[in-house]
Each structure stands twice: as C-alpha cells, then as structure tokens.
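Observations on the model geometry
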Amino acid sequence: MTDTAPPAAGIDDCRHVEAEEASAVVAVLEADPLVAAPAAEMVATSGVVPGEARFLTVGGPSRSLLYMGTSVLPLRGGTQELRAFGRAVAAMGRGSMSVHGRRELVSSIWETLGLHWGAPRDHRATQVLMELSRPVDPHLPLPGIRPAGLGEFEDVLPVAAAMYREELGSDPFTPGAGVPFRRRVARSLARGRTWVGFDGDEIVFKADIAAMSPQVAQIQGVWVRPGRRSRGIGTGGTAAVCAAVQSLGLTPSLVVNESNTPAVRAYRGVGMTPVVPYATVLTY
C-alpha cells in the first residue's frame, strides 16, 4: 500500500488534514499515546503531509481524526464522524485494509466499512492493549536477547512466517503476498526492530517493535518456538525487549487477545497491565 492517493474529499465533509493543523494533530496523538504510537512515529519522522491522505478529519483534528498507514487507525470522533470516515475510506478505492484501535472506535467505523468491504476474515473484538509503567525487574530479562541483523534474514524469515501463520491463520507466501512479506521482514531487520534469542543455531524467541513514537514503543509478533514454551522464555524474552525500550526512555506496550491466556500470563509476569480495550478487524 502507498500513501499517495488523494482522499475522498467532500464525502460527508471528510477531508485530509492541512499542514497548519499539525499542532492540533500532535495534541490528539499526545492525548492517547499508547494507541496513537504508529501515527505519532510517522508525524515525528515526516510531519503532517497534506494531500497524502495519512490523516483524515471531519470538522478539524480536535473533533475527529483518522490515520491511514498500512492499516486504518481511528483516533477520535463520534459515531457520525466515524461513519463518515468509513464511507470516505471505502471510496478511496485502495482495497480493504485491517482496522485497529480503541474497541468502540473500531466498532463504529466498521459498521460502515463492513458494508463496502464485506465480511472480515477475523474480527478480534476482545483484545487489550497492555503497557509496562514500572522498571523491568533486573532478574527477569533472558540473556542473549538482541536485535537481529540483516545478514540473519534467512534465519529470521521462517520464524517470522511461523508466527504469521499461527497468529493470523494464513500463509504469508501465498501468490502475491510472498514478496511484500519478505520486504517487511527485511525492513524490520534493517531498522533493528526485530529481536531474537538463539539456542545454538536455532531461534527460540522473536519479537518485533512495530512502532516507536517519541513516547511509546509498540511490541508485536512475540513468538516462542513450539516445544520450548511454558519455560519462561516468553516472559524473559519480552522483559529483555522491554528493558531495552525503557533504556531509550520509552514506554513498552503491546496488544494481545484476552483469550490468549498463556500470552497474557507471560506479559503480566513482566509487569505489564491492561489499560485500553482494543479491537482489530482483519480483512485479508
């Protein structure tokens, strides 16, 4: 997906955010830093770029705001504004994308988007966003957890694919998906965003940092090799990543399905607590 198509300006008064509204956008992002981390990272690196449809609003950012990156992230708005966002996003013709964010905002926008995009592959309506607001216990981090290098691409790729299949229930190497998936893995490695732990030549732990805003690091893709689970690797590996994040002055966060009891237990073992009712709609 690219960020170059113009928005469906004028649909229910929905429009793209203008450059002079950047301060208002930042105020909205800073008011909800955990949820807004992907959008805040983009603004910190690129600013608010009008005409690229990264941000949409009805009535100005302080009233309503939606971010479009590789997915749809509603950030603010009432039912009327969110329905307008749904109609405008559908009219942009980019094809369906995943939708995620605060549970009530996702529910409202999906009421409209679902009419245009059809039944989702999965609607995860009982997720929770967790954060670590206290320092990591120094006894918890698993030794040897480190950022993987680009030269370890061939080692990381099958692990990333295994996590993808387990988490999303689909094959990342289906026709048309393999090249973009490989590129995402390579880009994460090149940016130092994929963390791994080895036992000999075998990766036993992996986690990715999906977004790094000026305040928050959003962790995702946490994976422990089958057969090595229930041994504290998930807790110790996640603690190591969280400690590294905290050393940068950032707050660690992640999203997990409430029904995934082992994962929730592992993250609570690190000291993370649930703070935001969350939801994700997967459309592909």
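Residues numbered from 1 in each chain as written. Predicted model: local features only at pLDDT ≥ 70, side-chain atom pairs only at ≥ 80, totals over all residues. Heavy atoms only, no water.

**A word on the overall build of the protein chain**
Secondary structure assignment for the protein chain yields 8 helices and 12 strands. Taking 19 Å as the expected radius of gyration for a compact globule of 284 residues, we find that the protein chain reaches 19 Å, a close match to that expectation. Considering only C-alpha atoms, the protein chain reaches an extent of 60 × 40 × 35 Å along its principal axes. Each of the 284 residues in the protein chain was classed as buried or not, and the buried ones make up 50%. (Helix = DSSP H or I, 4+ residues; strand = E, 2+ residues; numbered from the N terminus. Rg over C-alpha atoms; globule rule 2.2 N^0.38 Å. Buried < 20%, exposed > 50% of the residue type's maximum accessible area, 1.4 Å probe, protein only.)

**A word on the environment of M42**
You can see M42 is positioned in helix α2 (residues 37-46). Overall, the relative accessible area of 8% leaves M42 in the buried class. The contacts of M42, once residues within four sequence positions are left out, are G47, R54, F55 and Y67. (Contact = heavy atoms within 4.5 Å.)

**Focus on the environment of L189**
Note that L189 resides in helix α6 (residues 178-190). The spatial distance from the C-alpha of L189 to the C-alpha of L150 is 5.1 Å, given a sequence separation of 39 residues.

**A few points about the environment of E81**
Structurally, E81 is set in helix α3 (residues 79-91). Taking the relative accessible area as the measure of exposure, E81 reaches 10% and is therefore buried. Each C-alpha atom, one on E81 and one on T57, is 8.1 Å from the other, the two residues being 24 residues apart in sequence. Discounting residues that sit within four places of it in the chain, E81 has contacts with V58, R63 and S64.

**Here's the deal with unusual backbone geometry**
Its identity is not glycine, yet S230 carries a phi of approximately 65 degrees, on the positive side. Residue position: S230 is located in the loop between β10 (216-224) and α7 (233-247). Taking the relative accessible area as the measure of exposure, S230 reaches 83% and is therefore exposed.

**Thoughts on the confidence of the model for the protein chain**
On average, residues of the protein chain score 92 in pLDDT, and 95% of them reach the 70 mark or higher. Confidence drops under pLDDT 50 across residues 1-8; counting only partners more than four residues distant or on other chains, this segment forms 29 contacts. (pLDDT = per-residue confidence, 0-100.)

**Describing helix α5 (residues 153-168)**
Across its 16 residues, α5 extends 21 Å between first and last C-alpha, which sits within 8% of the 22 Å expected from 1.5 Å per residue. Of the residues making up α5, those classed as buried are F153, V156, L157, V159, A160, A161, M163 and Y164. (Expected span 1.5 Å × (residues − 1).)

**As for the pattern of salt bridges**
Going through the model one piece at a time under the given rule, you end up with 15 salt bridges. Between R124 and D122 there is a salt bridge; the shortest N-O distance is 2.8 Å. Taking relative accessible area as the criterion, R124 reaches 11% and is therefore assigned buried. Between R165 and D171 there is a salt bridge whose closest N-O contact spans 3.6 Å. (Salt bridge = Lys/Arg side-chain N within 4 Å of Asp/Glu carboxyl O.)

**Considering the packing of α3 against helix α4 (residues 103-117)**
What describes two packed helices is the angle between their axes and the distance between those same axes. Contact pair α3 / α4: the axes reach a minimum separation of 8 Å and the direction vectors enclose 35 degrees. In the packing of α3 onto α4, the handedness of the crossing is right-handed. Touching T79, L82, R83, F85, G86, R87, V89 and A90 of α3 are L105, S108, I109, E111, T112, L113, H116 and W117, all from α4. Of the residues belonging to the contact of α3 with α4, the class tally is 8 nonpolar, 5 polar and 3 charged. (Axes fitted to C-alpha atoms, helices over the stretch in contact; angles between N-to-C directions. Left-handed = near helix turned anticlockwise from the far one by under 90°. Nonpolar A, V, L, I, M, F, W, Y, C, P; charged D, E, K, R; others polar.)

**As for the packing of aromatic side chains**
Under the criterion given, the structure shown has 4 aromatic pairs. Ring centres of F55 and Y67 lie 5.2 Å apart, and the angle between their planes is 45 degrees; this geometry places the pair in the tilted category. Here F55 is found in strand β2 (residues 55-58), whereas its partner Y67 is found in strand β3 (residues 65-68), with 12 residues between them in sequence. In terms of burial, F55 and Y67 fall into one category: buried. (Phe/Tyr/Trp six-rings, centres within 6.5 Å; stacked < 30°, edge-to-face > 60°.)

**A look at the pairing of β10**
The buried fraction of β10 amounts to 7 of the 9 residues, a majority that puts the element mostly inside the structure. The sheet contact formed by strand β9 (residues 202-212) and β10 spans 6 bridges and is antiparallel. Each residue of the ladder has a partner; that of A211, found in β10, is Q218. The turn linking β9 back onto β10 is made up of 3 residues. (Pairing = 2+ DSSP bridges.)

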